[in-house]
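A closer look at the structure
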Amino acid sequence: MELKIRNGRLEDLEECFILESKTFPEEEAASKENVEIRLKKFSEGFIVGELDGKIITHINSGSTNQEDITDEEFKGLIGHEDGGKNIVIFSVAVDPIHQKKGIASIMMKEFIKISKEMNKKKILLLCKDNLLKMYEKMGYKKIGISASTHGGAIWYEMEQSL
Ligand SMILES: CC(C)(COP(=O)(O)OP(=O)(O)OC[C@H]1O[C@@H](n2cnc3c(N)ncnc32)[C@H](O)[C@@H]1OP(=O)(O)O)[C@@H](O)C(=O)NCCC(=O)NCCS
């Protein structure tokens, strides 16, 4: 299996939006508009993985000097700063038919590498309790329960210093 990882580009919008909708429940998936904004405004922090020319995974993000990542508007990159010291992951998505094969782990390694190359100090993300262990294995530490109630769920804040 040869996963080709590269930065996302605007032409990927349709595929990335379909992937987002396939992997997240409706109330948690990013809107098409937000996926488009992330591809347009911060493609440096948007990586996709292709298998046989088809996007089967992506990680997208925004950057900020703030520590508070619960702001809903930030998901549409309002408040995003290219040169922010923190990088905030919005989505880690792997096509259901390719899950549990180590793909998210490969993508996260690449995301950490590019974040270091961009001189980011910290990666921040929110996750639900079922994925705490997965992110801990990937090098993240739990900060605590987030103020976010996105999609009506309980979210934990996690961070990784780079
Ligand atoms: C969560 C997700 C990204 C994992 O992708 P993946 O490619 O299947 O993950 P990997 O195969 O690299 O697994 C990494 C580790 O996490 C564990 N893991 C993977 N999915 C898991 C899940 N849903 N619940 C608990 N643990 C999980 C794996 O068992 C593995 O642990 P191991 O190394 O001890 O075997 C993928 O299931 C997905 O896209 N889910 C829907 C979207 C989502 O919830 N994204 C994350 C929130 S932003």
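Preceding this section is the structure that the text describes.
What comes next is a walk through the structure. Since the model is a prediction, treat every value here as computed from it, not as a measurement.

**Topic: the pairing of strand β2 (residues 47–51)**
Most of β2 sits inside the fold, with 5 of its 5 residues counted as buried. Along β2, one buried face is formed by Ile47, Gly49 and Leu51 and the opposite face, lined by Val48 and Glu50, is buried too. Sheet topology note: the strand β1 (residues 4–7)/β2 ladder contains 4 bridges and is antiparallel. Of the residues in β2, the one forming a bridge with Lys4 is Glu50.

**A closer look at the site of the ligand**
As a structural note, the neighbourhood of the ligand is formed by 17 residues, with Val92, Lys100, Gly102, Ser105 and Lys137 the closest of them. Measuring from a nitrogen atom of the ligand, one finds a backbone N or O atom of Val92 at 2.8 Å. The side chain of Gln99 places a nitrogen or oxygen atom 3.3 Å from an oxygen atom of the ligand. The protein chains hide 71% of the 890 Å² of surface that the ligand would expose on its own. Judged by the fraction of its atoms near the pocket grid, the ligand is located in the largest pocket. Of all the secondary structure elements, the ones that give two or more residues to the shell around the ligand are β4 (86–94), α3 (103–117) and α4 (132–137). In terms of residue class, the shell around the ligand is made up of 9 nonpolar, 5 polar and 3 charged.

**Regarding the sheet that holds strand β5 (residues 122–127)**
Remark on secondary structure: sheet strands pair via backbone hydrogen bonds, oriented parallel or antiparallel. The sheet built from 7 strands is open, its strands ordered β1-β2-β3-β4-β5-β7-β6 with mixed pairing. Both outer strands of the open sheet, β1 and β6 (141–145), are each paired with one neighbouring strand and no more. In this sheet, neighbouring strand axes are inclined to one another by 25 degrees on average, regardless of whether the strands run parallel or antiparallel. By the bridge criterion, 6 bridges tie β5 to strand β7 (residues 156–161) in an arrangement that is antiparallel. Looking at the pairing, Leu125 lines up with Met158 of β7. Together, β2, β3 (54–64) and β4 form the strand contacts of helix α1 (residues 13–23), whose direction differs from that of β3 by roughly 90 degrees.

**Observations concerning the pattern of salt bridges**
For the structure shown, the criterion picks out 14 salt bridges. One salt bridge connects Glu117 with Lys113, and the closest N-O pair in it is separated by 3.8 Å. Here Glu117 and its partner Lys113 are both found in helix α3, 4 residues apart, which amounts to about one turn of the helix. The shortest N-O distance in the salt bridge between Glu159 and Lys122 comes to 3.4 Å. Residue Glu159 is found in strand β7, and its partner Lys122 is found in strand β5; the two are separated by 37 residues along the sequence. You can call Lys122 buried: its relative accessible area is 18%.

**Some thoughts on the layout of surface pockets**
Empty space within the largest pocket amounts to approximately 1,000 Å³. Contributing to the lining of the largest pocket are 39 residues, with Phe24, Val92, Ala93, Leu131 and Tyr135 lying nearest its centre. If you tally residues by element for the lining of the largest pocket, the top one is β4, at 7 residues. Residue composition of the lining of the largest pocket, by class: 21 nonpolar, 10 polar and 8 charged. By volume, the second largest pocket amounts to about 150 Å³. Around the second largest pocket, the lining residues are Ser105, Met108, Lys109, Lys133, Met134, Lys137 and Met138. Those elements that place two or more of their residues in the lining of the second largest pocket are α3 and α4. Residues belonging to the lining of the second largest pocket are distributed by class as follows: 3 nonpolar, 1 polar and 3 charged.

Calculation rules
- Residues numbered from 1 in each chain as written.
- Predicted model: local features only at pLDDT ≥ 70, side-chain atom pairs only at ≥ 80, totals over all residues.
- Heavy atoms only, no water.
- Buried < 20%, exposed > 50% of the residue type's maximum accessible area, 1.4 Å probe, protein only.
- Helix = DSSP H or I, 4+ residues; strand = E, 2+ residues; numbered from the N terminus.
- Pairing = 2+ DSSP bridges.
- Near = heavy atom within 4 Å.
- Polar contact = N/O pair within 3.5 Å; in protein donor to acceptor, adjacent residues only side chain to side chain.
- Areas by Shrake-Rupley, 256 points an atom, 1.4 Å probe, with all protein chains shown as cover.
- 1 Å grid on protein atoms, 1.4 Å probe; cavity = no way out; pocket = protein on both sides within 12 Å on 5 of 7 lines; lining within 4 Å.
- Sits in = over half its atoms within 2 Å of the grid points.
- Nonpolar A, V, L, I, M, F, W, Y, C, P; charged D, E, K, R; others polar.
- Axes fitted to C-alpha atoms, helices over the stretch in contact; angles between N-to-C directions.
- Contact = heavy atoms within 4.5 Å.
- Salt bridge = Lys/Arg side-chain N within 4 Å of Asp/Glu carboxyl O.
- Points joined across faces, edges and corners; volume = space filled by probe spheres on them.

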